[in-house]
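# Report on the structure
What follows is the residue order along each chain.
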Amino acid sequence: MTESNDDSFRSFRVRPYLLTGGRTRAAVDLPLEALVRTTESGHASLATQSRERHQIITLCASPQSVAEISAHLKIHLQVARVLVGDLVQEGHVATHVASTQSTTDRPDLRLLEQVLDGLQSL
Amino acid sequence: MASSLSEELTMNASATPIPVKIVVAGGFAVGKSTFVGSISDIDPLTTEAAMTKASEEVDDLGDATGKKSTTVAMDFGRVALSQELVLYLFGTPGQDRFHFMWDELVRGAIGAVVLVDTGRLEHCFPAIDYMERAGVPFVVAVNAFDGVLRHHPEDVREALDIPEHIPVLVTDARHRAAVRDTLVGLVRHAMSVAATNA
């Protein structure tokens, strides 16, 4: 929420997109909160994956959001998106976002009721 | 995306949960990180995004050479609401010059909690203006610093010219129960907005 002075990100500041071959756009649309889960194909491919892709596939054995992947791997959000987008296209991970019946991009009433129930049970 | 919510919810418990998102906005140092941390299941995390002034047009890094880039950090937390639902809470970057990230943050969000420090009321103006213009359901939550509420919520409503239909709540960012109640207030408000628009 402030401009970070965390040195852990610094090494990626110079050329963050080296990891993505210079691409800054992901192959698939991925909201910050999109949950990413490793597929069987992803597990099976681990031995052949580069470091960052390996980390994502390992991390997402339990579902993680794109934002969490970015935070845990200490890579910029856009870089995480590009890497995850590639893995989605290759079938190594699957993503999950809320579907909505509403006319806006907001969650619909049924989903909001589930959220309300969940919050009230905390 | 293609399957309906009910189909998704009837999948077995090991299936990937549905993510939902609430944005926590407000001025610098108003308690957004504290608010998120009070209810998050995990220690709040930080994600960074690199932005160039012309980021919308930049597809290839080659084009960005020489453009000044800015890094913006966002803190967020995660709350498991059930086996099938996980709530993410994203704090907005504090400075006005990072408003370009807000479009991304509010996309698909349930809505926003705009935290207000009554000692610095004017700091929440940009957040309120933004949410109104973007049509994002929001509540105003007056943070009682040190457990002391310096102004009555209705005084805050009047001072900020908040319309009647927008809830003005009292919260305490340090306390889980108060944070939960504030989120409940937002979700109820979002439901009334959704019912009106349906």
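## Re the packing of aromatic side chains
Residue and element names in this part refer to chain B. One pass over the full model with this rule turns up three aromatic pairs over all chains. A ring pair is formed by Tyr 88 and Phe 90, whose centres lie 6.5 Å apart and whose planes are at 35°; its orientation type is tilted. Between Trp 102 and Tyr 130, the ring centres sit 5.2 Å apart and the planes meet at 80°, which makes this aromatic pair edge-to-face. Taken together, the residues span a long stretch of sequence, with Trp 102 in helix α4 (residues 100–106) and Tyr 130 in helix α5 (residues 125–134) at a distance of 28 residues. By relative accessible area, Trp 102 is classed as buried at 1%. Given the relative accessible area of 7%, Tyr 130 is considered buried. Three or more aromatic residues link up through ring pairs in this structure, and these residues are Phe 76, Tyr 88 and Phe 90.

## Brief notes about the pattern of salt bridges
Under the criterion given, the structure shown has 11 salt bridges over all chains. Measuring nitrogen to oxygen at the nearest pair gives 3.0 Å for the salt bridge that ties B:Lys21 to A:Glu33. A residue pair is termed interchain when its members come from two chains, as with B:Lys21 in strand β1 (residues 18–26) and A:Glu33 in the loop between α1 (10–13) and β1 (35–38). Where B:Glu154 meets B:Arg157, a salt bridge forms, and the shortest distance between an N and an O atom there is 3.0 Å. Separated by three residues within a single helix, B:Glu154 and B:Arg157 lie in helix α6 (residues 153–160), roughly one turn from each other. Under the relative-accessibility criterion, B:Glu154 is labelled partly exposed at 37%. Exposure remark for B:Arg157: the relative accessible area of 9% places this residue in the buried category.

Cut-offs and rules
Residues numbered from 1 in each chain as written. Chains lettered and ligands numbered in written order. Predicted model: local features only at pLDDT ≥ 70, side-chain atom pairs only at ≥ 80, totals over all residues. Heavy atoms only, no water. Phe/Tyr/Trp six-rings, centres within 6.5 Å; stacked < 30°, edge-to-face > 60°. Helix = DSSP H or I, 4+ residues; strand = E, 2+ residues; numbered from the N terminus. Buried < 20%, exposed > 50% of the residue type's maximum accessible area, 1.4 Å probe, protein only. Salt bridge = Lys/Arg side-chain N within 4 Å of Asp/Glu carboxyl O.

The values reported here are purely geometric and, on their own, carry no functional implication.
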